[in-house]
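One letter stands for each residue in the lines below.
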Amino acid sequence: MGIGRREFLRLTSLALAGLLIDPLKAVAINENVYVNKKFGILFHIPQDWGFIEVKDFEKLKRAQIIGEGLDETIDEIWEELGNPICIATKYYQDKPEYKGVFSPTITLNITPKEELECLGYETFEELIEISEYGISEILKEFKVIKRYEPFLMSNCKFFEYDAEYLFEHVEINEPLKVELKVLRAEHNGFYYDFNFHQSKTQNQYADTEFENFKKSIKLI
């Protein structure tokens with residue numbers, strides 16, 4: 001259902017007050033506020049975090065080690081996963097002191113429903129199960145550790161679970177345990193997929209930031 005067009009426009013106007021906006025652009029960012037008019041979504045990222053340009057995601061992909069032992073090539077795996085439309089991270093600046101440090105990160109993928117119909121699922125819950133299996137084939141030692149009851153947010157039904165996996169990166173000597181929270185919704189012909197990554201092993205956690213982010217999500 002969403003919050004309705006009028007309420008969404010009101011919140012958008014408040015969030016982007018004082019910002020010169022190109023009316024033809026679908027995406028607007030005002031400090032820590034992200035608005036995407038094409039997909040009808042608004043949210044606030046944590047203070048002092050920053051956005052990563054999606055074009056720079058190619059560099060990040062090359063540094064992460066995934067999919068070892070699969071038949072597909074790394075390029076084929078990333079093509080199937082698709083690029084997120086938004087990436088927000090704590091250590092968004094490229095500084096020497098951040099080398100080898102895991103940065104708590106939030107990503108958002110939005111996929112048209114028709115792109116996934118070939119998977120043969122009947123319900124959104126079945127699609128989530130298929131997705132979990134696919135992730136387990138890509139991320140080392142991926143496992144779901146907690147599932148939550150579905151809940152309403154912006155009048156939309158969301159599914160949430162916690163997982164963990166071993167993160168492998170060219171700048172980190174040993175695989176690093178990472179905690180992952182996944183938040184998913186089906187709305188207006190699209191699947192919304194939020195992923196929240198943190199590593200308590202490196203003392204890089206952001207539970208409070210993640211909860212505040214969740215509360216800020218608005219869907220039209």
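Everything discussed here concerns the structure shown above.
Since the structure is predicted, the reported quantities are computational estimates derived from the model, not experimental observations. (Residues numbered from 1 in each chain as written. Predicted model: local features only at pLDDT ≥ 70, side-chain atom pairs only at ≥ 80, totals over all residues. Heavy atoms only, no water.)

What follows concerns the nonpolar core. Grouped together as the largest cluster of nonpolar side chains are 24 residues, with contacts concentrated most on Ile-41, Phe-43, Phe-158, Phe-194, Phe-213 and Ile-217. Broken down by secondary-structure element, the contributors of at least two residues to this core are strand S3 (41-44), strand S5 (86-89), strand S6 (105-112), strand S9 (156-167), strand S10 (176-187), strand S11 (190-198) and helix H5 (207-216). Sequence-distant contacts of Phe-43, that is, excluding residues within four places in its chain, are made with Asn-32, Val-33, Tyr-34, Cys-86, Leu-108, Phe-194, Phe-213, Ser-216 and Ile-217. Of all hydrophobic cores here, the second largest spans 20 residues; its members include Tyr-121, Phe-124, Leu-139 and Ala-163. (Core = buried A, V, L, I, M, F, W, Y, C linked by side-chain atoms within 4.5 Å. Buried < 20%, exposed > 50% of the residue type's maximum accessible area, 1.4 Å probe, protein only. Helix = DSSP H or I, 4+ residues; strand = E, 2+ residues; numbered from the N terminus. Contact = heavy atoms within 4.5 Å.)

Applying the stated criterion across every chain yields a total of 12 salt bridges. Notably, a salt bridge pairs Lys-181 with Glu-160, separated by 2.7 Å at the nearest N-O pair. Residue Lys-181 is located in strand S10, and its partner Glu-160 is located in strand S9; the two are separated by 21 residues in the primary sequence. Grouping residues by exposure puts Lys-181 and Glu-160 together as buried. (Salt bridge = Lys/Arg side-chain N within 4 Å of Asp/Glu carboxyl O.)

With that settled, consider the sheet that holds S3. The strand order S1-S2-S3-S12 describes an open sheet built from four strands, whose pairing is antiparallel. Edge positions in the sheet fall to strand S1 (27-30) and strand S12 (218-219), since each of these pairs with one other strand and no more. Sheet topology note: the strand S2 (residues 33-36)/S3 ladder contains four bridges and is antiparallel. Residue pairing for S3: Tyr-34 is matched across the bridge by Phe-43. Lying on the sheet, helix H1 (residues 5-15) is in contact with S1, S2, S3 and S12; it crosses S3 at an angle near 40 degrees. (Pairing = 2+ DSSP bridges. Axes fitted to C-alpha atoms, helices over the stretch in contact; angles between N-to-C directions.)

Peptide bonds are, in most cases, trans, and in most cases residues other than glycine have a negative phi. Notably, Glu-141 is not glycine yet its phi reads approximately 55 degrees, a positive angle. Turning to its location among the elements, Glu-141 is positioned in strand S7 (residues 140-147). The exposure class of Glu-141 is exposed, given its relative accessible area of 56%. Phi angles above zero are rare outside glycine, and Ser-154 is one such case at about 55 degrees. Checked against the element boundaries, Ser-154 lands in the loop between strand S8 (151-153) and S9.

When the terminal C-alpha atoms of helix H4 (residues 124-138) are compared, their 21 Å separation across 15 residues agrees well with the 21 Å that a helix rising 1.5 Å per residue should span. Buried within H4 we find Phe-124, Leu-127, Ile-128, Glu-132, Ile-135 and Ile-138. Buried residues of H4 fall within an arc of 145 degrees about the axis and therefore sit on the same side. Relative to its buried face, H4 has exposed residues pointing more than 90 degrees away, namely Glu-129 and Tyr-133. (Expected span 1.5 Å × (residues − 1). Arc of directions from axis to C-beta.)

It is worth spelling out the environment of Ile-130 at this point. Looking at the element boundaries, Ile-130 is found in helix H4. Along the chain, Ile-130 and Gly-120 lie 10 residues apart, while their C-alpha atoms are 9.9 Å from each other. In this structure Ile-130 touches Leu-119 and Tyr-121, once residues within four positions along its chain are discounted.

So, about the environment of Tyr-91. Note on placement: Tyr-91 falls in the loop between S5 and S6. By relative accessible area, Tyr-91 is classed as partly exposed at 21%. Distance in space between the C-alpha atoms of Tyr-91 and Val-101 is 8.8 Å, their sequence separation being 10 residues. Other than its neighbours up to four places away in sequence, Tyr-91 contacts Tyr-98, Val-101, Phe-102, Ser-103, Pro-104 and Gln-204. Side chain to side chain, Tyr-91 and Gln-204 meet in a polar contact 2.9 Å long. (Polar contact = N/O pair within 3.5 Å; in protein donor to acceptor, adjacent residues only side chain to side chain.)

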